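# Fold and geometry: a report
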Amino acid sequence: MHLGALFIIRHVLTSASVRETARRFQLSPSTVSAAIRSAETELAMKLTERASGELVTLIASGGVLEGREPITTAIGELCQFAGQVGAGGIDEAWAARIPVKIVAIERFLEVADQGSINRAARRLHLGQPQLSLQLANLEKFLGRRLFERQAQGSVLTEEGRRAYQIFMAISQAWNDLKSAADERYRRTARSLRIGSIIPTGSESWVARCLGLLVSEWNARRSNNAISLVSMTADDLREALKSGRIDVAILDSVFGLESFRHRELLQTDMVVIAPPHSTQTSVADLVAAHAICMPSPRTGLGHAAMAFSDERAPNRRFRSRDITAADSLPVIVDLVANHGYVSFLGRVSAMPIADKVRIVDLDEHLPMSYHVAFNHRKAAADACAVIIAAAARITSEAVAKTDPVRESAA
């Protein structure tokens, strides 16, 4: 990480614009983006993301901005020290291009503290010529002589002592930021990250299954803490691929060829309808009610859309009253309280049978849920718990719900 990148990052986070920052510092947008990526890697956190083509700064960036204020101040002092100032203040274009790396600063401080290049080189496990060259390059860049080479060692010049104060402030602020990052790395290494399709609600089999997993996992006093996140099937596959999660519960087997995976449970697709609706066929239901489907980014939504396109190519399934949503709780609310119809797997519909009507399709449309996981032993162990929990929860739901559904039919 070099000082120019740290200077760039501050402006990106305050302006929320890569292009505006690039114009201001006369840099290419790719250089600014690379500075952000480098900082995110070093600090083990996401600082920005793209949303609808716009750069959005995340909550975590506020802490980084606050933590790096001493670095910004020190970089301003370094500009003045190097004579890079003008009528309007420091030369920002120069500051954004400072090539001095944090590691070079640490080595300069070590030589100053040891009073000897040879002693510092031994402590840093470097060759003396290599360290001498780095110090010479630093002096050349700043245009200042920082050390007096004497027989007994290297002593800071007056300008070197000023540089020492500036670099010490930068080093301390950076180490404070890095210490927080190191703790995040340790937590991430210990954590077992589990992603799931979005539950229909707290009563759903997915939510209950994850609750059982956490309870049983913690009762075992495992060394791996569990963190949970819910997202669409497409996002889960991408998160598995990138290593952001270790385990995924999905409503589709599509795209799991490169992962270890097991079938979690089998079910079939049903229609969920308003509780006071009277239509008994799928065709009548969709003719009388607006439709809200899970989005095609979910396995369920993809299957429902394919089914609807095949059965009713010229009807409402393709018209503007169809709403796609990635939020199953919203879909359930639209069906239960606002007169919509939708599609769910039977295993997901049964826990909400008191809120909606469950209507069978004219023909059986099988669905299956799967759990995929990476190479970690903890991930495989968690999968075993998830599979057992899902089997127990769904068998309980079938026992409770089937008689109700049969009598309704």
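These figures come from a predicted structure and were not determined experimentally. (Residues numbered from 1 in each chain as written. Predicted model: local features only at pLDDT ≥ 70, side-chain atom pairs only at ≥ 80, totals over all residues. Heavy atoms only, no water.)

### So, the overall build of the protein chain
Rule in force here: Helix and strand assignments come from DSSP, with helices taken as H or I runs of at least 4 residues and strands as E runs of at least 2, each series counted from the N terminus. Note on exposure labels: buried denotes an accessible area under 20% of the residue type's maximum, exposed denotes more than 50%, and partly exposed covers the range between, all computed with a 1.4 Å probe on protein chains only. We call two residues in contact when some of their heavy atoms are within 4.5 Å. Areas reported as accessible are Shrake-Rupley estimates using a 1.4 Å probe. Residue values count occlusion only from the protein chains shown.
Helices and strands together make up the secondary structure of the protein chain, namely 17 helices and 15 strands. Relative to its full complement of 409 residues, the protein chain shows a buried share of 48%. Contacts in the protein chain between residues at least 24 apart in sequence constitute 71% of all its contacts with a sequence separation of at least 6. As presented, the protein chain carries roughly 20,000 Å² of accessible surface, and 51% of it is formed by carbon and sulfur atoms.

### A look at the confidence of the model for the protein chain
Under the convention used in this document: The quantity called pLDDT is the predictor's confidence in a given residue, expressed from 0 to 100.
Overall, the predicted model of the protein chain reaches an average pLDDT of 83, with 85% of residues at or above 70. Across the protein chain, the secondary-structure element scoring lowest on mean pLDDT is strand β2 (residues 54-57), at 60, and the one scoring highest is strand β14 (residues 357-360), at 94. When the criterion is pLDDT under 50, residues 313-320 qualifies, and its contacts beyond four places in sequence or with other chains add up to 18 contacts. Confidence drops under a pLDDT of 50 for residues 401-409, and excluding neighbours within four residues, the segment shows 7 contacts in the predicted structure.

### Description of unusual backbone geometry
The backbone of alanine 16 shows a phi angle near 55°, a positive value even though the residue is not glycine. Here alanine 16 is to be found in the loop between α1 (3-15) and α2 (18-25). In this structure, glutamine 26 is a non-glycine residue whose phi angle is positive, near 60°. Mapped onto the secondary structure, glutamine 26 falls in the loop between α2 and α3 (29-43).

### Some words on the nonpolar core
Worth spelling out the cut-off: Each nonpolar core is a collection of buried residues, namely Ala, Val, Leu, Ile, Met, Phe, Trp, Tyr and Cys, held together in the definition by side-chain atoms within 4.5 Å.
Counting residues in each nonpolar core, the largest one holds 68 residues, and the members touching the most others are Trp205, Leu213 and Leu264. Once you skip the residues sitting within four places of it in the chain, tryptophan 205 turns out to touch Ile249, Leu264, Leu265, Val347, Ser348, Pro351, Tyr369, Ala390, Ile393 and Thr394.

### Concerning the pairing of strand β9 (residues 247-250)
Spelled out, the test is: Pairing between strands is defined by DSSP: at least two bridges between them are needed.
Burial along β9 is two-sided: Val247 and Ile249 facing one way and Ala248 and Leu250 facing the other are all buried. Relative to β9, strand β7 (residues 192-196) is paired through 3 bridges, and the arrangement is parallel. Residue pairing in the sheet places glycine 195 in a bridge with alanine 248 of β9. Bridge analysis of β9 against strand β15 (residues 366-373) gives 4 bridges, and the strand direction is antiparallel. Within β15, the residue paired with valine 247 across the bridge is phenylalanine 373.

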